[in-house]
Amino acid sequence: MIELEAVTSRTIACTSGIKRSGNFGGIALQTFVIAIDATSSLDLSRQFRKQLEETFNLPVKYLFLTHTHSDHRNGLQAFKDVPLVASKNCIQNMPKKLSSTDFIINSFQKSTTIEDGLSTVEFHWFGGHTIGSSGAYFPDDRTLFSGDLIFHRFNFSIPFLTFYQNKSFDNMSKKTGNPEEYIVAFENILNMDIDVIVPGHGPIIKNPKEFIQQQLVFINSVKVATLEVVRNNESMEDICLNDLKLVQLAYVRCDEEGKKAQSWKKWLDKYLDDLKQAFYTYYMALNV
Ligand SMILES: [Zn+2]
């Protein structure tokens, strides 16, 4: 049995990271359910769908995919019979081995909605984490499923700009994370009426305003630090993130790991280096 947690009366999520999966969940409308993300494996996805339909006693009518990474997408085949809702960028960046002709696709550029009775679910493209990242917002329950735009506790709650996508539009750069999209996304989310966020990984977020504000401060601070280095013709290594609150908290958490502290720190150093590289590459290319 998968542990599916009731987020609100009509939304549900698994946030345990079972089988290295990203979070997945569902939104129940009057006559059907929208499943959100396809887990890290086909077996898991089949079980998830079964439990989702049993919990609400309603059929799954759509699968929404937040982005193309395998920990959210590997179980897609379990939803082959229902339309796949995803951003156009997400669909265009699907791995080649996954022929999109296998699926009924409802793609959208910036946003779209699905309605049932008096309820509506909104889907918004964000970008940021990956070129195709988007989220599902259910206004009735003021709930946002954010995908990997937001990590909670997982990866120390530090946002990540993905370096690669399975293929990119220009076939040149495979680095599709985008700091400016992250900033716009967080600003937009702050303007939404939200009580709870189901992040891409980690437990649900019950203080969304405070949490997103902190994420926004973080991204803006990394941007400022990067711009300074770029304008001074310094190197990527000169970007200093040590004063940032999220980074300090992350190192404190490493220390709490006792014997494993050193390996956690090593991992975190690498994570932050990758983040710096993503920002540096992005702003260098802009010729700021
Ligand atoms: Zn993920």
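Residues numbered from 1 in each chain as written. Predicted model: local features only at pLDDT ≥ 70, side-chain atom pairs only at ≥ 80, totals over all residues. Heavy atoms only, no water.

## Concerning unusual backbone geometry
You will see that Ser 157, though not glycine, has its phi angle at about 60 degrees, which is positive. Mapped onto the elements of the fold, Ser 157 is located in the loop between β11 (143-151) and α4 (179-190). (Helix = DSSP H or I, 4+ residues; strand = E, 2+ residues; numbered from the N terminus.)

## A look at the sheet that holds strand β8 (residues 111-116)
Ordered in space as β8-β9-β10-β11-β12, the 5 strands form an open sheet in which the pairing is mixed. Whereas interior strands pair on both sides, the edge strands pair on one side only; in this sheet they are β8 and β12 (196-201). Each strand of the sheet is rotated relative to its neighbour by a mean of 25 degrees, with strand direction disregarded. Both strand β9 (residues 119-125) and strand β10 (residues 134-138) contribute to a ladder of 4 bridges, which runs antiparallel. Opposite His 124, over in β10, you have Gly 135 as the bridge partner. In the packing of α4 onto the sheet, contacts are made with β9, β11 and β12, and the angle to β11 comes to roughly 155 degrees. (Pairing = 2+ DSSP bridges. Axes fitted to C-alpha atoms, helices over the stretch in contact; angles between N-to-C directions. Contact = heavy atoms within 4.5 Å.)

## Regarding the coordination of the zinc ion
Ligation of the zinc ion by protein atoms is provided by Asp 71 (OD), His 72 (NE2), Asp 148 (OD) and His 201 (NE2), these donors lying 2.1 to 2.2 Å from the ion. Between the 4 donor atoms coordinating the zinc ion, the angles at the centre fall across 82 to 160 degrees, so the site counts as irregular. Expressed as a motif, the donor residue spacing for the zinc ion is D-H-x75-D-x52-H. Of this pair, His 72 sits in helix α2 (residues 70-73) while His 201 sits in strand β12, and the two are 129 residues apart along the sequence. (Donors = N, O, S within 2.8 Å, 3.2 Å for Na, K, Ca; no water. Tetrahedral: all angles 85-135°; square planar, octahedral: opposite > 155°, others 65-115°.)

## Remarks on the layout of surface pockets
Of the volumes computed, that of the largest pocket is approximately 650 Å³. In terms of lining, the largest pocket is formed by 28 residues, of which the most central are Phe 151, Phe 154, Asn 155, His 201 and Trp 267. When residues of the lining of the largest pocket are traced back to their parent elements, those giving at least two are α2, β11 and α7 (261-285). The dominant element in the lining of the largest pocket, judged by the number of residues it contributes, is α7, at 5 residues. Looking at side-chain class alone, the lining of the largest pocket contains 9 nonpolar, 13 polar and 6 charged residues. Domain assignment of the residues forming the lining of the largest pocket places at least three in each of domain 1 (5-206) and domain 2 (217-285). (1 Å grid on protein atoms, 1.4 Å probe; cavity = no way out; pocket = protein on both sides within 12 Å on 5 of 7 lines; lining within 4 Å. Points joined across faces, edges and corners; volume = space filled by probe spheres on them. Nonpolar A, V, L, I, M, F, W, Y, C, P; charged D, E, K, R; others polar. Domains from an automatic or database assignment.)

## Some thoughts on the domain arrangement of the protein chain
How big an interface is tends to be reported as the loss of accessible area on association of its parts. Along its sequence, the protein chain is carved into domain 1 (5-206) and domain 2 (217-285). Its C-alpha centre places domain 1 at a distance of 27 Å from the equivalent point of domain 2. Counting from both sides, the interface comprises 17 residues of domain 1 and, opposite them, 22 residues of domain 2. At the boundary of domain 1 with domain 2, total buried surface from both sides reaches about 1800 Å², with 74% on carbon and sulfur atoms. Lys 223 is the salt-bridge partner of Glu 180, the closest N and O atoms lying 3.0 Å from each other. The tally of links from domain 1 across to domain 2 stands at 5 residue pairs in polar contact (both at pLDDT 80 or more). In terms of residue count, α4 provides more of the side of domain 1 that touches domain 2 than any other element does, 5 residues in total. Partitioned by chemical class, the residues of the side of domain 1 that touches domain 2 number 11 nonpolar, 3 polar and 3 charged. (Buried area = accessible area lost by both parts, 1.4 Å probe. Salt bridge = Lys/Arg side-chain N within 4 Å of Asp/Glu carboxyl O. Polar contact = N/O pair within 3.5 Å; in protein donor to acceptor, adjacent residues only side chain to side chain.)

## Focus: the pattern of salt bridges
Opposite charge on two side chains allows them to pair when their charged atoms are near. Overall, the coordinates contain 8 salt bridges when judged by the stated rule. A salt bridge links Asp 195 to Arg 142; its shortest N-O distance comes to 2.8 Å. Of the two residues, Asp 195 is situated in the loop between α4 and β12 and Arg 142 in the loop between β10 and β11; the sequence distance between them amounts to 53 residues. Looking at Arg 142, the relative accessible area reads 33%, which means it is partly exposed. Here the salt bridges do not stand alone but share partners, grouping Arg 49, Glu 53 and Asp 81 into one network. (Buried < 20%, exposed > 50% of the residue type's maximum accessible area, 1.4 Å probe, protein only.)

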